[in-house]
Amino acid sequence: MRIAVDAMGTDTRPIADVAGGVMAANEFGDTIVLVGDKTTIEDELKKHDVSAGNVEILHAPKDIAMDEKPADVLKSKGWSSIHVALDAVKTGHADAFVTMGNTGAVHAIATLKTLRRIPGVKRPVLSALFPIMDHRMIFLDVGANTDVKPEWVTQFAMMGSIYAQRVLDYPQPRIALLSNGAENTKGNLLIREASDILTRSKLNFVGNVEPVQLMGSVADVIVMDGFVGNIVLKMFEATTHYVATLIRQEIRGDVISLLGGALARPAFNRIRRRVDTSVIGGAPLLGVNGVVIIGHGQNSATGIKNAIKQARTAVQENVIGAIRSGISQESPSTGVSQNAIDAT
């Protein structure tokens, strides 16, 4: 297998990107294609053992900063690491693409310029994976589509279900709609109509969930529109940071708390490991003609290695083929594949 890795993606580029790629090459035995400025990557590779010979470089003279707008990079940066890597997947030079770079740019370039949408997919969808109570949950959409239609939401559910089954190893993923109440009468018109379609589909739809229920692992796939999803994603990250800051402040408040904090340090370390997103590494962009895993710019080398692991599993389990099959069997009367689970 050949996995293209954006060597210019993280905030510390190319340090963590190259280290994670080398770790994956050594652990998994696949060929890792590091995409970015050749000289920069070569200098960084000198710090690592690449004697196995399964690390390659694909030169891309430009890179995309986190604050650059997708519309701008589509026109001006055709030779960026993201463009070149996605082209490699399109042409078959690579089986999948992993990046910690600009999410909006990846989505735009993959959808509009390189991989394109799987036929029948209304809108590709961005996802996020969270380890909640030691249970991995996939949230989608988390920002790609702010204004959506009910049939799009149900397609999100179908694609998320296929990914959860094939990559996260859930035999029959539970799907839930995020709403302001668990009752099927709650929610806006979008939620009510999407709920009706999902109820009539053969997907394992368990109903609506409120935000307070998200921490209880009540479902495996949580679907919503991209506007709400992006707020949920950022609120989740902000809350985690806020709680950690409060704990540190209170522990430093007096001598007894400092002593108690020192004694509780092993427990705090275990909690940190349980919520560490680098254990997952990234999440898929679903609905395009290729495996694309996108992670956070602050990811470590371990996070990148784990994102690569996700990518190779998605390729092995033929996630793209399963989505094509599910979409091709889509029912005009419901807007979602009646055989979506069978198609997986």
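Numbering of residues starts from 1 in each chain and follows the order in which that chain's sequence is written. Given that this is a predicted model, residues contribute local features only at a pLDDT of at least 70 and side-chain atom pairs are listed and counted only at 80 or more, while totals for whole chains, interfaces and linings are drawn from all residues. No hydrogens and no water enter the side-chain calculation; it runs on all heavy atoms of the structure.

## Considering the pairing of strand β4 (residues 96-99)
Here's how the labels work: a residue is buried when its accessible area is under 20% of the maximum for its type, exposed when over 50%, partly exposed in between, all with a 1.4 Å probe on protein chains only. Numbered from the N terminus, helices here are DSSP runs of H or I no shorter than four residues, and strands are runs of E no shorter than two. Here β4 shows two buried faces, one formed by Ala96 and Val98 and the other by Phe97 and Thr99. Bridge analysis of strand β1 (residues 2-6) against β4 gives three bridges, and the strand direction is parallel. Bridge assignment links Ile3 to a residue of β4, and that residue is Ala96. A pair of strands is considered paired only if DSSP assigns at least 2 bridges between the two. With four bridges joining them, β4 and strand β11 (residues 291-294) adopt parallel strand pairing. From the neighbouring strand, Val98 faces β11, where its bridge partner is Ile293.

## Side note on the packing of helix α6 (residues 150-166) against helix α12 (residues 319-328)
Here α6 crosses α12 at 145°, and the two axes come no closer than 10 Å. The crossing of α6 and α12 is right-handed. Judged by residue contacts, Gln155, Met158, Met159, Ile162, Tyr163 and Arg166 of α6 engage Val319, Ala322, Ile323, Gly326 and Ile327 from α12. Within the contact of α6 with α12, the residues separate by chemical class into eight nonpolar, two polar and one charged. Axis definition: a line fitted to C-alpha atoms, limited for helices to the stretch in contact. Angles are taken between N-to-C directions and run from 0 to 180 degrees. The crossing is said to be left-handed when, going from far helix to near helix, the turn is anticlockwise and less than a right angle, and right-handed when the turn is clockwise. Contacts are residue-level and defined by heavy atoms, with any inter-residue pair within 4.5 Å sufficient. Gly counts as polar in this scheme, as do all residues outside two lists: the nonpolar Ala, Val, Leu, Ile, Met, Phe, Trp, Tyr, Cys and Pro, and the charged Asp, Glu, Lys and Arg.

## Side note on the pairing of β11
Where burial is concerned, the two faces of β11 agree: the one with Val291 and Ile293 and the one with Val292 and Ile294 are both buried. The pairing of strand β10 (residues 283-286) with β11 spans two bridges and is classified as antiparallel. When the sheet's bridge partners are listed, Ala283 is paired in β11 with Ile294. With antiparallel pairing between neighbouring strands as the criterion, β10 and β11 make up a hairpin whose turn holds four residues, including Gly287 at a positive phi of roughly 110°.

## Some details on the side chain of Lys77
When you line up the elements, Lys77 lands in the loop between α3 (70-76) and α4 (81-91). In this structure the side chain of Lys77 is engaged in a polar contact, spanning 2.8 Å, whose partner is the backbone oxygen of Asp63. When neighbours within four sequence positions are excluded, Lys77 is seen to be in contact with Lys62, Asp63, Ile64, Glu68 and His83. Within 3.5 Å is the distance limit for a polar contact, defined as a pair of N or O atoms, with the added protein rule that one can donate a hydrogen and the other accept it, and that residues adjacent in sequence qualify only through two side-chain atoms.

## Description of the nonpolar core
Take the buried residues of types Ala, Val, Leu, Ile, Met, Phe, Trp, Tyr and Cys, join any two whose side-chain atoms come within 4.5 Å, and each joined set is a nonpolar core. One finds Leu34, Val98, Tyr163, Val223 and Ile308 to be the most contacted residues of the largest nonpolar core, which totals 62 residues. For this core, the leading source of residues is α6, giving nine residues. Not counting residues up to four positions away in its chain, the partners in contact with Leu34 are Val5, Ala7, Asp17, Val18, Gly21, Ile41, Leu45, Val55, Glu56, Ile57 and Leu58.

## Thoughts on unusual backbone geometry
A cis amide bond, omega 0°, links Arg13 with the succeeding residue Pro14. Mapping Pro14 onto the fold places it in the loop between β1 and α1 (15-28). Geometrically, the link from Leu140 to Asp141 is a cis peptide bond, its omega value of 5° lying close to zero. Counting through the fold element by element, Asp141 comes out in the loop between β6 (135-140) and α6. Even without a glycine there, the phi angle at Arg116 is positive, about 70°. Checked against the element boundaries, Arg116 lands in the loop between α5 (103-112) and β5 (125-132). With relative accessibility at 44%, the residue Arg116 sits in the partly exposed group.

## With respect to the packing of aromatic side chains
Stacked, tilted and edge-to-face are the three classes applied to pairs of Phe, Tyr and Trp rings, where Trp contributes its six-membered ring and a pair requires centres within 6.5 Å; stacked means planes under 30 degrees apart, edge-to-face means over 60, and tilted covers the rest. Considering all chains together, one arrives at two aromatic pairs under this definition. Ring centres of Phe130 and Phe139 lie 5.3 Å apart, and the angle between their planes is 90°; on these two criteria the pair is classed as edge-to-face. Summarising the burial analysis for this pair, Phe130 and Phe139 share the class buried. Taken together, a centroid distance of 4.2 Å and an interplanar angle of 45° make the contact between Phe130 and Phe236 tilted. You can see Phe130 sitting in strand β5 and its partner Phe236 sitting in helix α8 (residues 226-251), a full 106 residues away along the chain.

## Side note on the confidence of the model for the protein
Confidence per residue, as judged by the predictor, is encoded in pLDDT with a range of 0 to 100. Confidence in the prediction of the protein, expressed as mean pLDDT, is 89, and 94% of residues score 70 or more. Note that pLDDT drops below 50 for residues 337-344; the model gives that stretch 27 contacts with residues more than four away or on any other chain.

## Observations regarding a nonpolar patch on the surface
Residues Tyr242, Val243, Leu246 and Ile247 make up a contiguous nonpolar surface patch of about 340 Å² in total accessible area. Inspection of the secondary structure assignment puts Ile247 in helix α8. Ile247 gets classed as partly exposed once you look at its relative accessible area, which sits at 36%. Patches here: salt-bridge-free residues with over 30% relative accessible area, like charges joined within 9 Å, nonpolar side chains (Val, Leu, Ile, Met, Phe, Trp, Tyr) joined within 5 Å. Surface accessibility in these figures is a Shrake-Rupley result with a 1.4 Å probe; residues are shielded only by whichever protein chains are displayed. Whenever Lys or Arg places a side-chain nitrogen within 4 Å of a carboxyl oxygen from Asp or Glu, that contact is recorded as a salt bridge.

## Considering the packing of α1 against helix α11 (residues 301-316)
For the pair α1 and α11, the least separation of the axes is 7 Å and the interaxial angle reads 50°. Compared by their axis directions, α1 and α11 come out oblique. In this structure, the crossing between α1 and α11 has a hand that is right-handed. Residues Ala16, Asp17, Ala19, Gly20, Gly21, Met23, Ala24, Glu27 and Phe28 of α1 pack against Ala301, Thr302, Ile304, Lys305, Ile308, Lys309 and Arg312 of α11. When the residues that make up the contact of α1 with α11 are grouped by side-chain class, the tally is eight nonpolar, three polar and five charged. Just so you know how the angles are binned, under 35 degrees is roughly parallel, over 145 roughly antiparallel, 65 to 115 roughly perpendicular, and the rest oblique.

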